[in-house]
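Chain residues, written in single-letter form:
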Amino acid sequence: MMLYTHNLGHLNLKSAELESVYIVRDLRQKMPFPITEPKFNEYLTNFLVSDTDQSRMELGLLMVGPALELLNKLLSETYIPEADPMHEPSEVPKPMMLYESANIQRAMQILQEMPPALDKNIQFGTEMLGWQSTMIRDAASVFNMLPRLRTTEEKIVYNAKLNELFQRVLRNQEFVFNFTDIVHEAHVELMKGLLESMNKGFLFHYTLEEELRKASFDEIKRRIPQVKLDEAETIKRNMLAIKNAIDRAYELNQRMVSLAVVLYSCMKWVKG
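Read on for a plain summary of the structure. The model shown is predicted, which means the values in this text are computed figures rather than measured ones.

What counts, and where the lines are drawn
- Residues numbered from 1 in each chain as written.
- Predicted model: local features only at pLDDT ≥ 70, side-chain atom pairs only at ≥ 80, totals over all residues.
- Heavy atoms only, no water.
- Salt bridge = Lys/Arg side-chain N within 4 Å of Asp/Glu carboxyl O.
- Helix = DSSP H or I, 4+ residues; strand = E, 2+ residues; numbered from the N terminus.
- Buried < 20%, exposed > 50% of the residue type's maximum accessible area, 1.4 Å probe, protein only.
- Phe/Tyr/Trp six-rings, centres within 6.5 Å; stacked < 30°, edge-to-face > 60°.
- Lys NZ or Arg CZ within 6 Å of the ring centre and 35° of its normal.
- Contact = heavy atoms within 4.5 Å.
- Axes fitted to C-alpha atoms, helices over the stretch in contact; angles between N-to-C directions.
- Parallel < 35°, antiparallel > 145°, perpendicular 65-115°, else oblique.
- Nonpolar A, V, L, I, M, F, W, Y, C, P; charged D, E, K, R; others polar.

1. Structural notes on the pattern of salt bridges
Alright, step 1. Scanning the model with the defined rule gives 16 salt bridges in all.
Alright, step 2. The partner of Lys 30 in a salt bridge is Asp 26, and the shortest N-O contact between them spans 3.1 Å. Taken together, the residues Lys 30 and Asp 26, both in helix 1 (residues 13-30) and 4 residues apart, mark about one turn of the helix.
Alright, step 3. With a relative accessible area of 48%, Lys 30 lands in the partly exposed category.
Alright, step 4. Among the ionic pairs, Asp 247 bridges to Lys 243, the shortest N-O distance being 2.7 Å.

2. A short note on the packing of aromatic side chains
Alright, step 1. For the coordinates displayed, the defined rule picks out 7 aromatic pairs.
Alright, step 2. Measuring from centroid to centroid gives 5.4 Å for Phe 166 and Phe 175, while their planes differ by 70°, and the two rings are edge-to-face.
Alright, step 3. Ring geometry for Phe 175 and Tyr 264: centres 5.6 Å apart, planes at 50°, overall tilted. Taken together, the positions of Phe 175 in the loop between helix 6 (152-170) and helix 7 (185-199) and Tyr 264 in helix 10 (residues 226-271) put the pair 89 residues apart, joining distant regions of the chain. Tyr 264 matches Phe 175 in its accessibility class, with the two residues each being buried.
Alright, step 4. Linked through ring pairs, Tyr 99, Phe 204 and Phe 217 together constitute an aromatic cluster.
Alright, step 5. Note that Lys 161 overlies the ring of Tyr 158, its terminal NZ or CZ placed 5.7 Å from the centroid.
Alright, step 6. Taking NZ or CZ as reference, Arg 171 lies 5.3 Å from the ring centre of Phe 124, over its face.

3. Description of the environment of Glu 210
Alright, step 1. With respect to the helices and strands, the residue Glu 210 is situated in helix 8 (residues 208-212).
Alright, step 2. When the C-alpha positions of Glu 210 and Glu 100 are compared, they lie 14 Å apart, and in sequence the two are 110 residues distant.
Alright, step 3. Not counting chain neighbours up to four residues away, the residues in contact with Glu 210 comprise His 205, Ala 215, Ile 220 and Arg 223.

4. Regarding the packing of helix 4 (residues 101-112) against helix 5 (residues 114-145)
Alright, step 1. Between helix 4 and helix 5, the least distance of the axes is 5 Å, while the angle of their chain directions is 20°. Taken together, the axes of helix 4 and helix 5 lie roughly parallel to each other. The residues of helix 5 that touch helix 4, namely those facing Ile 110, Leu 111 and Gln 112, are Met 114, Pro 115 and Pro 116.
Alright, step 2. For the contact of helix 4 with helix 5, the class distribution of residues is 5 nonpolar, 1 polar and no charged.

Now the structure itself:
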C-alpha cells in the first residue's frame, strides 16, 4: 500500500523518493543480495498482472454492447398506457411516462466512454502479462550489477536497461504514469455513480408528486410492470459487470504505479 501515490497522477520522482524510504527498509529485511529470481518474483507477486485481471476486464467489455442495446430499446418505450381494456377509446386516459429519457441517454453516454479505455487496458495487461517474467529476470540481473559498475560506459549501458524497465511499466519515457488513454479515476467514479443511481430507479420517471414527497424507488416500483423492472435489473447486472471490469483495470494500473515505485526502491537499495 502506497502512502503518497493514491491516484495514478500522483507518481513522480518526489513521491517515489518518499515512498522508497519504508520500501528500502523492507527490502533490507526480506531480500537477500545478490537478488535471486525466485525471491524477487515472490516479493513482486502482489504487483503483477494476473489472468483474472484479463478475464474480468474482457467480460466487462463484452457487456457494454448488450447494455447499450437494452437502453436504446427503453428509449422507444418511454410511455406506457394506463388504459383499462373496458374503456371506450374516447375515455382512455393519456399514457403515463415510464422512463426518464434524459437519464437513459446519460447512462448510454457513460457506457460509451468505457470501451476505448477498457480495450487499451486489456492490451496493456496482455503486454505486461507476457513480459513480466522476463522483467523479473532482467530487473534482478540489472540490480545485481549496479553496485559493481565502474566505468562510464558500463553505467550508460545499465542506465539504459533501467530506463527500459520503467518505460514499459509506466508507458512513458518520463517517470510519471501515462494513464490518459486507459482506465483512470474518472471512469471509476462515473461507473460508481451510475450504479448508485440505478439502485435509486435512475431510469424510471418520477411524477412531480413523487418528487415532492421524496418517494423511494421501492415505492414507485409498485406501479411499474414487472417485465419492465426485470429489464432494468438485467441492465443493472450488465452495468455491474462493466463496473467490476473498470475497477479491476484501475487496480491493475495502480499496481503498475506501485511496481514502478518498488523498482525505484530496489535501485536505491542496491546502490546503498
